[in-house]
Amino acid sequence: MYDVRPPAVYAHETVMCNPTYRARVERVVAALGRPCSIITYADTDLPDMVQERGLLADRRPMGTLQHVEDPVLLFNTFRFDNVDAARRRRQFLDDIGLNEGAAPLVGDDAFIWFDANLATDKWKDDKVCRPCWRIHLQQGCLHRCKYCALGGLLVAMVNIEDYCRHLGELIRLHPWQQTYLLDDDADPPCLEPELGVLGELIEFFGTLENRYLIIHTKTWNTAWLSDLKHNGNTIIVWSVSGRTQSEEMEPRAGSTQQRVEAARMAEEAGYQIRYKFKPIIPVKGWREEAEEAVQMIFEKTRPDVISLCVFMWMNFEEMARRLPMHLLDEDFVAAAEASQAEMAATRARPFPPAVRREIYEHYLREIRRHDADVPVSLSTENFRMWADMKDALGFSATDYVCGCGPRSTPGLKRLTCHPFKVAVRADAGQVPGVRP
Ligand code: SF4
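(A) Main features of the overall build of the protein. Each helix and strand counted, the protein has 14 helices and 13 strands in total. In terms of overall size, the protein behaves like a compact globule, its C-alpha atoms giving a radius of gyration of 21 Å where 436 residues would be expected to give roughly 22 Å. Considered along the principal axes of its C-alpha atoms, the protein spans approximately 55 × 50 × 40 Å. For the protein, with 436 residues in total, the buried portion stands at 61%. Put simply, 76% of the contacts in the protein that link residues at least 6 apart link residues at least 24 apart. Counting only carbon and sulfur atoms, one obtains 48% of the accessible surface of the protein, whose full area is about 17400 Å². For the protein, the centre of its 53 positive side-chain charges and the centre of its 63 negative side-chain charges are spaced 3 Å apart.

Have a look at this one:
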């Protein structure tokens, strides 16, 4: 696992009273970069931990902090009881001033329905993502990406045996969903293999027929994956970036080279690998660095899909707060600054469409110099950009395959069903671990 030096380690009482779960935590603690004792806590201690001991104080965009330390580690169990108990815990969080994002602190949100482009989605029509179940084991991260607010606290769930049992039921109820994206709010390989949770999940998927786990990561840490019985049912998607971005803005993630080498090792061990250039930050010299990164990928690996996504999800002012702006291409910064009014209504801000398109076209050209056929798609973009790039990409917004879509199975070249119509939620809110 990574060299981690957390300011504190907490483990919930349900972890410490179970010998298997406790052993997982003790293995991680024994491998820390400096000694740290385990503090056992109960839910009733949370108000004090949050308000007096600053448990969430550093959950802020890391580029806005003077110093970034490793996060506090907190080990917990999913409760998997019933909807009423989950509602009471939600009320408890509310009473202590925390929102639903803090649900893992009280053992909730194992499985979350992502309603993208369904009637309930408030961003409907502004991003092309597909509705599906997303699954969670951790929240928080060690990688210190400047644009990200998931530092400060890493919550890791340890009751993987129960988790797989309930996940199995969710999978059974949703035959249309073939892939399951793990942890869009964490980077789960970092504490492995000591934690001993992710390998269990990979081997659980290895027992299934035509159902796949998707791990999305920026890690260098894949050597431990080689001997697992994954049965070809785990897809690992690397977010990759060019040299400056990876070294200066994603400082504890693997470098470009390390990520590609980690992907090579995973591919050699039989995992399907993919890449997302996401987020693409147009630094000075981004064109050359893109060429370098794309070349590195094809020298060492054979991805079945590559996705592209320019830095987005915030306005210009917020970007300037988070990123070291002196490293960015001045023309692109000027274009983003000048188009703030035009970009106010889309989550694809702050870079205007012409800038994003120029970046996508450059990456696409570079990829095609190495591989004429690998599907290339735009990730989390809006429908307008997809309409503009449809011919160049050879796909539409509703038939492209991507890194983590719920039907993007290994090697697939094009979706055969409409992704917004096929996705029907069928759990009736009754599977334990589902957000009420
Ligand atoms: S790897 Fe992802 S989750 Fe981790 S700090 Fe970077 S952006 Fe955040």
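(B) Layout of the sheet that holds strand β2 (residues 38-41). The strand order across the open sheet built from five strands is β2-β1-β3-β7-β6, with neighbouring strands paired in mixed fashion. The open sheet has two edge strands with one neighbour each: β2 and β6 (138-139). The sheet contact formed by strand β1 (residues 9-12) and β2 spans four bridges and is parallel. Note that in β2 the partner of Val-9 across the bridge is Ile-38.

(C) Summary view of the packing of helix α12 (residues 353-370) against helix α13 (residues 383-393). As a packed pair, α12 and α13 sit with axes 11 Å apart at the nearest point and diverge in direction by 20°. On the basis of their axis angle, the class for α12 and α13 is roughly parallel. Of the two possible hands of crossing, α12 and α13 adopt the one that is right-handed. The segment α12 lies against α13, with Pro-353, Arg-356, Arg-357, Tyr-360, Glu-361 and Leu-364 engaging Met-385, Asp-388, Met-389, Ala-392 and Leu-393. Class assignment for the residues of the contact of α12 with α13 results in seven nonpolar, no polar and four charged.

(D) Structural view of the environment of Gly-232. Residue placement: Gly-232 occurs in the loop between β9 (212-217) and β10 (234-240). For Gly-232, a relative accessible area of 28% translates into the label partly exposed. Between the C-alpha atoms of Gly-232 and Ala-372, which are 140 residues apart in sequence, the distance is 25 Å. The contacts of Gly-232, once residues within four sequence positions are left out, are Tyr-212 and Gly-270.

(E) Spotlight on the pairing of strand β3 (residues 72-76). Burial analysis of β3 places five of its five residues in the buried class, which makes it a mostly covered element. Burial along β3 is two-sided: Val-72, Leu-74 and Asn-76 and Leu-73 and Phe-75, pointing in opposite directions, are all buried. Sheet topology places β1 next to β3; three bridges connect them, and they run parallel. For Val-9, the partnering residue across the bridge sits in β3 and is Leu-73.

(F) Quick peek at the pattern of salt bridges. By the definition in use, this model includes 32 salt bridges. Note that Asp-109 and Arg-90 form a salt bridge whose closest N and O atoms lie 3.4 Å from each other. Taken together, the positions of Asp-109 in the loop between α4 (83-95) and β4 (111-114) and Arg-90 in helix α4 put the pair 19 residues apart, joining distant regions of the chain. The class for Asp-109 is buried, based on a relative accessible area of 5%. A relative accessible area of 19% places Arg-90 in the buried class. If you follow the salt bridges from partner to partner, you end up with Glu-261, Arg-264, Glu-268 and Lys-300 in one network.

(G) Region of the structure containing unusual backbone geometry. The peptide bond linking Glu-192 to Pro-193 adopts the cis configuration, its omega dihedral lying at 10°. Mapped onto the elements, Pro-193 comes out in the loop between β8 (179-182) and α6 (198-206). Here the bond from Arg-349 into Pro-350 is cis, since omega is 15°, no more than 30 degrees from zero. Within the secondary structure layout, Pro-350 lies in the loop between α11 (330-338) and α12. Even without a glycine there, the phi angle at Asp-109 is positive, about 70°.

(H) Geometry of the environment of Tyr-2. By secondary structure assignment, the location of Tyr-2 is in the segment before β1. Judged by relative accessible area, which is 2%, Tyr-2 ranks as buried. Expressed as a C-alpha distance, the spacing of Tyr-2 and Leu-32, which sit 30 residues apart in the sequence, is 8.2 Å. In this view, Tyr-2 contacts Leu-142, His-143, Cys-190, Thr-219, Trp-220, Asn-221 and Arg-252; residues no more than four positions away in its chain are not counted.

(I) Up close: the site of the ligand. Close contacts around the ligand come from Met-62, Cys-141, His-143, Arg-144, Cys-145, Tyr-147, Cys-148, Leu-150, Asp-187 and Lys-218, and that covers them all. Classifying every residue of the shell around the ligand gives six nonpolar, one polar and three charged.

(J) Expanded view of the nonpolar core. If you look at the biggest cluster of nonpolar residues, it comprises 138 residues, and the most contacted ones within it are Phe-75, Tyr-163 and Leu-201. If we ignore the near neighbours within four places in the chain, the residues touching Phe-75 are Val-9, Tyr-10, Ala-11, His-12, Val-15, Val-25, Val-28, Tyr-41, Ala-156, Val-158, Leu-191 and Leu-195. Of all hydrophobic cores here, the second largest spans six residues; its members include Leu-181, Ile-214, Val-237 and Cys-404.

(K) Inspection of the packing of aromatic side chains at higher detail. On inspection of all chains with the given rule, the structure shows 16 aromatic pairs. Plain terms: the ring middles of Phe-78 and Phe-80 are 5.6 Å apart, the flat faces sit at 50° to each other, and that makes the pair tilted. The rings of Phe-78, Phe-80, Phe-111 and Tyr-163 are connected pair by pair, giving a single aromatic cluster. A cation sits over an aromatic face here: Arg-130 above Tyr-400, 3.7 Å from the ring centre.

Rules of the game
Residues numbered from 1 in each chain as written. Predicted model: local features only at pLDDT ≥ 70, side-chain atom pairs only at ≥ 80, totals over all residues. Heavy atoms only, no water. Helix = DSSP H or I, 4+ residues; strand = E, 2+ residues; numbered from the N terminus. Rg over C-alpha atoms; globule rule 2.2 N^0.38 Å. Buried < 20%, exposed > 50% of the residue type's maximum accessible area, 1.4 Å probe, protein only. Contact = heavy atoms within 4.5 Å. Areas by Shrake-Rupley, 256 points an atom, 1.4 Å probe, with all protein chains shown as cover. Lys, Arg positive; Asp, Glu negative; His and termini not counted. Charge placed at Lys NZ, Arg CZ, Asp CG, Glu CD. Pairing = 2+ DSSP bridges. Axes fitted to C-alpha atoms, helices over the stretch in contact; angles between N-to-C directions. Parallel < 35°, antiparallel > 145°, perpendicular 65-115°, else oblique. Left-handed = near helix turned anticlockwise from the far one by under 90°. Nonpolar A, V, L, I, M, F, W, Y, C, P; charged D, E, K, R; others polar. Salt bridge = Lys/Arg side-chain N within 4 Å of Asp/Glu carboxyl O. Near = heavy atom within 4 Å. Core = buried A, V, L, I, M, F, W, Y, C linked by side-chain atoms within 4.5 Å. Phe/Tyr/Trp six-rings, centres within 6.5 Å; stacked < 30°, edge-to-face > 60°. Lys NZ or Arg CZ within 6 Å of the ring centre and 35° of its normal.

Any functional reading would require information beyond the geometric quantities listed.
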